[in-house]
Amino acid sequence: MNSTLIYFLLSIPFITVILGSKIRNDNQKYVVKSISYTSYLSIVIVLYSMELIDELSLVYTISIILLAWPISLYTEKYTVLNRYPSYLPLFIDLFSLSMITAYLSPNILGLITAWTIAELIGFILIGLGEQHSIEGSTRASQNFLFISALTFELSIFTLTYIVMTTLTFILGATSSLEALTIPFWILAKNKIEVPSILASLLIIGFIAKSGLVPLHFWLPSAHSVAPSPASSLLSGVMTAMGVYGLLRINMIIETDLQPLIYVLLTISLISILYGGLQAHMQRDGKKLLAYSTIAGNGFSMILLTYYIYTGDIDVLIALIVSILAHMSYKATFFLDIGLAEQITGFRYIHRLRGLASTLPISTLGGLLAFLSIIGVPPTTGFTSKLLSILLTISRFPDPLVLGIFISIILFIVFSIIIGLDYVKIYFGKPSIKLDQRKTLLEKNLLQQYCVLFVGLTNILFTLSILLFNRFTSYVIIYILASPLLLVLVYLINNVMRRET
Amino acid sequence: MIWELIQRYTYYILLLVIILFADHIIDRRLMISRVLRIVAFASPWFILPVIGFEFKLLNIVFILLATLGSIIISFYSEGYLKILFGKISSLQMIIDITLLFIIIFFTTQNLIEFVIIWIIVELMGSLLVLLERGMRNYNVVMKYLLVCVTAGDISLFLLLALTAMKIGFDQTLIVSLEELKNLNLTLNPLLTILALIGFTTKLAQIPLHFWLVDTYTETSSPGTAIFSGLMSKMAIYAILNIYSLLNLDITIYTYMLLIQGIITTIYGFLLTTLHSDIKKIMSYSSLGHYGVMTMIASLIPYNNIFYTLLLLYVLYHGFLKIQAFLNVSTIEILTNTRDIYRLGYLAQVARKVYSYSIITFLSLIGIPPTLGFYAKFALLVSLFMLFNQVPLISLIIIICIGFASVFSVIYSIKYISTYTSSYRSKPIRTTIPLTNTQYWSEICSAVSAVILPLMFLFIGVNTFIDRIAFIVYVLSILSMFLTYIIYRKYAPRETKIWVGGIEV
């Protein structure tokens, strides 16, 4: 009964989106899309109230819906103005919906099915960008498919194999397929013991998915070549699967974790260094963001290592906040640079100037993301920085924790560098004349508001702490202090627009 | 307690709104805007006691410096921006809000406010750097933000983390600075270093000093006045606070600050002599003075007199550097250069400015009745009193202070020579008339350098020093007054201005 209901409920947004893509009228299209996403939002809340999904899925899905909704609206105009094929918006919608479903799914079967669909759509989207782009890599989609998607499948099928062979007897499931439909939290009650060879197979896919060194090389080309809304989903939402998957695996398997911790720590530290340095060297705005994704995922992975090491629920909260912070600022930046590319025809950050006066509204969103990446209170980026440093210092004499602390400081340094590199594009004299700006403003108004809305999630996502019933007084202070951000954004905007 | 908190936040928000409004109307209703700004900046003295804020010696000194300094800088920058840009509303706003946040920082009561306001002031500082030259100052901002924010984050979050370990995270967010003392937090050597590093970085102590000179010279001069006069004092305030609130490892505290302070003092004062850009000279002199302040701070565990002395030094250096950098900015506007070898004729061109800058000069060298004299005098006497207790340290510091005084004389003469020595240089262009507010704010900062020692006589550093100082003070004020009268009455006036030996 329950499963039928869920399948029925979940099909609603998909069907609305597919039907909606046939509508010709723009405004009606927007309404239908919004209906689809709000219905998904309500479905998620209903499922949570029925205790069919846990907090982790809830946090992930709600935040992704809040990001995917404006991204979807943004894509309509983006497709027309950049002369992409007319099926791009539908693909973006299906891409985000299938990813949301994967994060929502409480069992392994749903995760595999939805995620594989999402991978295939991602492959198509990157291929589309490849055909369209004049400056990007020509093998991006192949690399994506062979490195990221294949290793991921390898890991997830290893997991399937382990669960199917061991659990059929233990839990008394009638068929081996039924073992795959057991929810994660029931699996977590009796953990499966896994030999360490299989454990390394299990994590390799998630490392590749996060784009950590040494399996990172597919990421910069794939993220920079894809159409901007797709890049923003790929970078913000898809790479977050790496940490999510490892969290789930950590929930259900039991193995000797000590070597795993050191391996994860090393590769994340190298990723932070490599991603940060490469990002600072880039001139292509999207490449810069793509490399900073590697560094950002390295940071999340370090917190994950810390969580595996300590098992402290507070660290888990810090981890989730960091992932959400990365999600929101990266999504904002990608949408923003996409808009800049759309009106100027290129995306080289040493050349792009004066966006603060050409795109005044989306700049506000970009600024919020900038404040979040450099960690100004009260943004989600600040919260993640605060919690992670706080929790590492509290266990200080431990040498491993000291290593984690130093890695976090390194990440903070690199994120400030990356933020400042990016924020240059808003300053200076714009190349577009004043009378052209007005028509541009009318043309891109909705897209700009979408960027602003995605930018606002940089403040909003900290509220996810509330779900865990911890740090409540922090949330109160956070809400009280958030008007400060408006003053800051206003003042920064003043400085930016001085030269025009 | 909650009621007091609500009152205080309402007050802060009101201040913010008043400043935003005052700067919004500054281009149209100048007088109203001025009145509003004065009211807002001076209000801590009237409003805070009403809402249950207890003034202590520490707060009094810093709030005095911040409020008076804010009014001076805000009024000066009004004229400065008007000459450079014409329409000033949006840029004045950044300067005023920064000043406001600095004042708020000195009145914070809770740990979390302390942390948040500190980080916001850091960000506002980077906006000050970007104010005039935009993204051409990108490298400077990068250096400033990277070094200061990262180090500041470590220290501030460390404070939060230590408190959270003791009383839990939720309590940490509402704990007041006073209550920290009762928690009896003890820090091991590593944590002591981490707790201090953010603040010593803000004071640009070697080895993390390299951001300072670039930031100070590339920022527009009112901005530099804020950096040097007020923002660096936040770090002193923080060091004094954590010293009194936490149980630091005293050996590490003393030796870390002492070694950094000695090296920075020598480095800073030595480099003042190597440059010909007056803003650079003043920046290096700031660096040297920060070194002296760090040294004094390191001596607090030996004798509590150094605590009062440090406060005195903060007042001295704060007002001195506000006036010095405002003066640099005046020179920049008048002549379009900061190179001392191309200046030297200023006394003929701008007599008014010259007469105030003499006070800066006297204060830099430390001649009575300026605050500079009093600070140096009291410092040396206290160091000699410390001689029996720790002979080696006090000897080294006395040598350093002597070194600093000698080099102060050298660079002060370099500085005053921009006004008086003119054997080769001549004006590049006709000078722009300064606005009245600029003159007045320079007068105010100069006068406060002379008047404020009076306040310290009441606080009482040491009874012995006080008596001598009082006599010296009265005598020197008298002599200054007499000199001025004699000068006005008998000094011959030149009808024609002579410049560079060529009759105009």
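The structure displayed is predicted, hence computed values, not measured ones.

Engineer: Please provide a residue-by-residue account of the overall build of chain A, values included.
Structural biologist: Secondary structure summary: chain A contains 21 helices and two strands in total. Computed over its C-alpha atoms, the radius of gyration of chain A comes to 22 Å, within 12% of the 23 Å expected for a compact globule of 500 residues. Expressed as lengths along the three principal axes of its C-alpha atoms, the size of chain A is roughly 75 × 55 × 45 Å. By the burial criterion, 55% of the 500 residues in chain A qualify as buried.

Engineer: So, the overall build of chain B: which residues are in play, and what are the values?
Structural biologist: Each helix and strand counted, chain B has 22 helices and two strands in total. Against the compact-globule benchmark of 23 Å for 504 residues, chain B has a radius of gyration of 23 Å, which places it among compact chains. Principal-axis analysis of the C-alpha atoms places the extent of chain B at approximately 75 × 60 × 45 Å.

Engineer: Can you tell me about the interface of chain A and chain B, naming the residues and giving the values?
Structural biologist: Opposite the 33 residues of chain A that make contact, chain B presents 35 residues. For the side of chain A that touches chain B, the secondary-structure elements that each account for two or more residues are helix H18 (380–393), helix H19 (399–423) and helix H21 (472–496) of chain A. Among the elements that line the side of chain A that touches chain B, the one with the most residues is H21 of chain A, at 12 residues.

Engineer: Please set out the environment of Ile239 of chain B residue by residue, giving values where relevant.
Structural biologist: All names here are of chain B. Counting through the fold element by element, Ile239 comes out in helix H12 (residues 221–245). Residue classification places Ile239 among the buried positions, given that 27 C-beta atoms sit within 10 Å. Considering only alpha carbons, one finds Ile239 and Val314, 75 residues apart in sequence, at a separation of 13 Å. Excluding anything up to four places from it in sequence, Ile239 contacts Leu196, Phe199 and Ala297.

Engineer: Go over the confidence of the model for chain B with me, naming the residues and quoting the values.
Structural biologist: In the predicted model, chain B carries a mean pLDDT of 86, and the fraction of residues at 70 or more is 92%. The ipTM, which scores confidence in the relative placement of chains, is 0.87 for this predicted complex, and the corresponding pTM is 0.91.

Engineer: Lay out unusual backbone geometry in plain terms, naming residues and giving numbers.
Structural biologist: Trans peptide bonds make up most of the peptide bonds, and negative phi angles are found at most residues other than glycine. Residue Val213 of chain A is joined to Pro214 of chain A through a cis peptide bond whose omega torsion reads 5°. With respect to the helices and strands, Pro214 of chain A occurs in the loop between helix H9 (196–210) and helix H10 (218–225). In this structure, the amide linkage connecting Pro377 of chain A to the following residue, Pro378 of chain A, adopts the cis form with an omega of -5°. Positionally, Pro378 of chain A belongs in the loop between helix H17 (360–374) and H18. Positive phi outside glycine occurs at Glu51 of chain A, with the angle close to 60°. Counting through the fold element by element, Glu51 of chain A comes out in the loop between helix H2 (26–49) and helix H3 (55–81). Positive phi, normally seen in glycine, also occurs at Asn184 of chain B, with a value near 60°. Mapping Asn184 of chain B onto the fold places it in the loop between helix H9 (177–183) and helix H10 (189–202).

Engineer: Can you lay out the packing of helix H6 (residues 111–133) of chain B against helix H7 (residues 138–167) of chain B for me, pointing to particular residues and giving the numbers?
Structural biologist: Residues and elements named next belong to chain B. Between H6 and H7, whose axes approach to 10 Å, the crossing angle comes to 180°. As far as their axial angle goes, H7 and H6 are roughly antiparallel. Only Val140, Val141, Tyr144, Leu145, Cys148, Val149, Gly152, Leu156, Leu159, Leu160 and Thr163 of H7 make contact with H6, whose side of the interface consists of Leu111, Val115, Trp118, Ile119, Glu122, Gly125, Ser126, Val129 and Leu130. Its residues assigned to classes, the contact of H6 with H7 comprises 15 nonpolar, four polar and one charged.

Engineer: How would you sum up the packing of H2 of chain A against H3 of chain A? Please name residues and give values.
Structural biologist: Residue and element names in this part refer to chain A. Between H2 and H3, whose axes approach to 10 Å, the crossing angle comes to 175°. Taken as axis vectors, H2 and H3 run roughly antiparallel relative to one another. Touching Asp26, Lys29, Tyr30, Lys33, Ser34, Tyr37, Tyr40, Leu41, Val44 and Tyr48 of H2 are Leu58, Thr61, Ile62, Ile65, Ala68, Trp69, Ser72, Leu73 and Glu76, all from H3. Across the contact of H2 with H3, the residue classes tally to 12 nonpolar, three polar and four charged.

Engineer: Residues and numbers for the environment of Ile262 of chain B, please.
Structural biologist: Residues and elements named next belong to chain B. When you line up the elements, Ile262 lands in helix H13 (residues 250–272). When the C-alpha atoms of Ile262 and Met1 are compared, they prove to be 44 Å apart, with 261 residues separating the residues in sequence. Residues in contact with Ile262, not counting those within four places in the same chain, are Met295, Ile396 and Cys400.

Engineer: Account for H9 of chain A, naming residues and giving values.
Structural biologist: All names here are of chain A. Over its 15 residues, H9 extends 21 Å from the first C-alpha to the last, a length consistent with the 21 Å expected when each residue adds 1.5 Å. Among the residues making up H9, those that are buried are Ala199, Leu202, Gly205, Phe206, Ile207, Ala208, Lys209 and Ser210. Directly after H9, the chain includes Gly211, whose backbone phi takes a positive value near 70°.

Engineer: Tell me about the environment of Arg37 of chain B, and please be specific about residues and values.
Structural biologist: Residues and elements named next belong to chain B. Relative to the helices and strands, Arg37 is located in helix H2 (residues 30–42). C-beta crowding within 10 Å serves as the criterion here: with 24 such atoms nearby, Arg37 is assigned to the buried category. Taking the C-alpha atoms as reference, Arg37 lies 31 Å from Thr201; in sequence the two are 164 residues apart. Apart from the residues within four sequence positions on either side, Arg37 is in contact with Ile19, Ala22, Ser74 and Asp96.

Engineer: If you had to explain helix H15 (residues 305–335) of chain B to someone new, which residues and values would you point to?
Structural biologist: Residues and elements named next belong to chain B. In a regular helix each residue adds 1.5 Å, so 31 residues correspond to 45 Å; H15 covers 44 Å between its end C-alpha atoms and thus fits that length. Of all the 31 residues making up H15, 26 are buried; the element is thus mostly covered by neighbouring parts of the structure. Just downstream of H15 lies Asn336, where phi reads positive at about 65°.

What counts, and at which threshold
- Residues numbered from 1 in each chain as written.
- Chains lettered and ligands numbered in written order.
- Predicted model: local features only at pLDDT ≥ 70, side-chain atom pairs only at ≥ 80, totals over all residues.
- Helix = DSSP H or I, 4+ residues; strand = E, 2+ residues; numbered from the N terminus.
- Rg over C-alpha atoms; globule rule 2.2 N^0.38 Å.
- Buried ≥ 20, exposed ≤ 12 C-beta atoms within 10 Å, placed from the backbone.
- Contact = placed C-beta atoms within 7 Å.
- pLDDT = per-residue confidence, 0-100.
- Axes fitted to C-alpha atoms, helices over the stretch in contact; angles between N-to-C directions.
- Parallel < 35°, antiparallel > 145°, perpendicular 65-115°, else oblique.
- Nonpolar A, V, L, I, M, F, W, Y, C, P; charged D, E, K, R; others polar.
- Expected span 1.5 Å × (residues − 1).

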